[in-house]
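Each chain, letter by letter, is given below.
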Amino acid sequence: MASGWELARTCGNSRHQPLAVCDTLMKTMLLAVGGNSLIRAGETGTITEQRANAQRTAAQIIGLIRAGYRIVLTHGNGPQVGAALLRSERGTSQVPGLPLDVCGASTQGEIGYLLQQSLHTELHRANLHVPVATVLTQCLVMSDDPSLKCPSKPIGPFYSRADAEERKSLLGWEIVEDAARGYRRVVPSPDPVGIIELEVIRSLVERGVLVIACGGGGIPVVWRDGRLQGVEAVIDKDRISAWLASRLGADLFVISTDTDYVYLDYKKPTQRPLRHVGANKLDEYAKAGHFPPGNMGPKIESVLRFLSSGGKEAIITSCENLGQALGGSSGTHMFPDHDHAEIERDSDFKNNDLENAGLNNLDLRNFDVKSIDLKTEELEFLIGER
């Protein structure tokens, strides 16, 4: 039986018309999208809004498939899990409340459903046959992780000081003042050491399934007395995404966020984008304080982990610019240092090559590689060969 990705090599008016990209050239990309990509600034988070945003994300992913990539998709759940906790809290007078790990599991299904449905719709429109599945993912943490005793991750809504103190007394929450906007619950953010469903995910990817996994960083679990148990904590989505990308041997790790580039001196008069950077220099910038811990910092840390574990390239850019970033004309591209010098020497040549091919502003939603007459080595470069 042909794999999903073999069947995906179709386009145009017929599902049996092959794309000019053979399976041997297909690479694996882990794409991490933020929970805010489903709820944009100024939106209230209605299902209608989230479905429309999921559809836009799915349209971009279709282009990545056509460009020759197998996709593993991870996502955040910050706004969604906050809403789930609020519903649980306000409904306790009528139904039992839910702990954080169960709320996290609930949002994995909720967001996975929206993404999966949107992907099916866009794949159908594109005449591509790729199976899609959401894997409810449990992520293992150590029971003696020091962060479990030091809650630091704000979650849920803002409270007045009086309301926060009441919840601290009644529910045993840890409370902190957050950015002068009020008080919020904080929970631990432990380091992931494994994924319970890793072999399931690996098997599905190898069989050609587009897998949605590790939603919201995964459900944190520990082994206690021979049993898996959920813990009330939040795992950083980008950190577990980097871990999964490394274990799957992903060729490319992409983090989709709300900016087109990683910036130095962000939101200052001296702000400037990073376009190509090696791991050592990136680490220097991080240690110099260019990437705030509540914003870009965890993403850079995750990229550095991926590159130090054998990863070849990572990109940070906006969802709207995924196509341009894949073509090399946008986004921040990060490499291990032994690859970076070669990339820098070749960057001018590659930009000219893309421009000559008409792909320096590539829009992957409408990209069809069979419409381009290129030699094999040029095609390999355009779909990501290094």
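Structure first, text after, so check above.
Remember, predicted model here, so these are calculated numbers, not experimental data.

Some remarks on the packing of helix α8 (residues 279–287) against helix α9 (residues 297–308)
Piece 1. Their axes nearest at 11 Å, the elements α8 and α9 cross at an angle of 155 degrees. What the angle tells us is that α8 and α9 run roughly antiparallel. In the packing of α8 onto α9, the handedness of the crossing is left-handed. Residues Ala-279, Leu-282, Asp-283 and Ala-286 of α8 lie in contact with α9, whose contacting residues are Ile-300, Val-303, Leu-304 and Leu-307.
Piece 2. Grouping the constituent residues of the contact of α8 with α9 by class yields 7 nonpolar, no polar and 1 charged.

Looking at the packing of aromatic side chains
Piece 1. Taken as a whole and judged by the stated rule, the model has 4 aromatic pairs.
Piece 2. Each ring, one from Tyr-159 and one from Trp-173, has its centre 6.1 Å from the other, and the planes form 55 degrees; the classification is tilted. In this pair, Tyr-159 sits in strand β7 (residues 153–159) while Trp-173 sits in the loop between α5 (161–171) and β8 (174–177), placing the two residues 14 residues apart along the sequence.
Piece 3. Considering the side-chain rings of Tyr-263 and Tyr-266, the 5.8 Å spacing of their centres and the 25 degrees angle between planes classify their relative orientation as stacked.
Piece 4. Look at Tyr-263 and you get buried, because its relative accessible area is 18%.

A few points about the side chain of Ser-88
Piece 1. Position of Ser-88 relative to the elements: it lies in helix α3 (residues 78–90).
Piece 2. In contact with Ser-88, not counting residues within four places along its chain, are Gly-97 and Leu-98.

Considerations on the pattern of salt bridges
Piece 1. Applying the stated criterion across every chain, the model contains 14 salt bridges.
Piece 2. Across the pair Asp-191 and Arg-305 runs a salt bridge, and its minimum N-O distance is 3.0 Å. Note that Asp-191 is positioned in the loop between β9 (183–187) and β10 (194–195) and Arg-305 in helix α9, a separation of 114 residues in sequence.
Piece 3. Using a relative accessible area of 27% as the deciding quantity, one classes Asp-191 as partly exposed.
Piece 4. Between Asp-238 and Lys-299 there is a salt bridge whose closest N-O contact spans 3.1 Å. Taken together, the residues span a long stretch of sequence, with Asp-238 in helix α7 (residues 237–248) and Lys-299 in helix α9 at a distance of 61 residues.

Thresholds applied
- Residues numbered from 1 in each chain as written.
- Predicted model: local features only at pLDDT ≥ 70, side-chain atom pairs only at ≥ 80, totals over all residues.
- Heavy atoms only, no water.
- Axes fitted to C-alpha atoms, helices over the stretch in contact; angles between N-to-C directions.
- Helix = DSSP H or I, 4+ residues; strand = E, 2+ residues; numbered from the N terminus.
- Parallel < 35°, antiparallel > 145°, perpendicular 65-115°, else oblique.
- Left-handed = near helix turned anticlockwise from the far one by under 90°.
- Contact = heavy atoms within 4.5 Å.
- Nonpolar A, V, L, I, M, F, W, Y, C, P; charged D, E, K, R; others polar.
- Phe/Tyr/Trp six-rings, centres within 6.5 Å; stacked < 30°, edge-to-face > 60°.
- Buried < 20%, exposed > 50% of the residue type's maximum accessible area, 1.4 Å probe, protein only.
- Salt bridge = Lys/Arg side-chain N within 4 Å of Asp/Glu carboxyl O.

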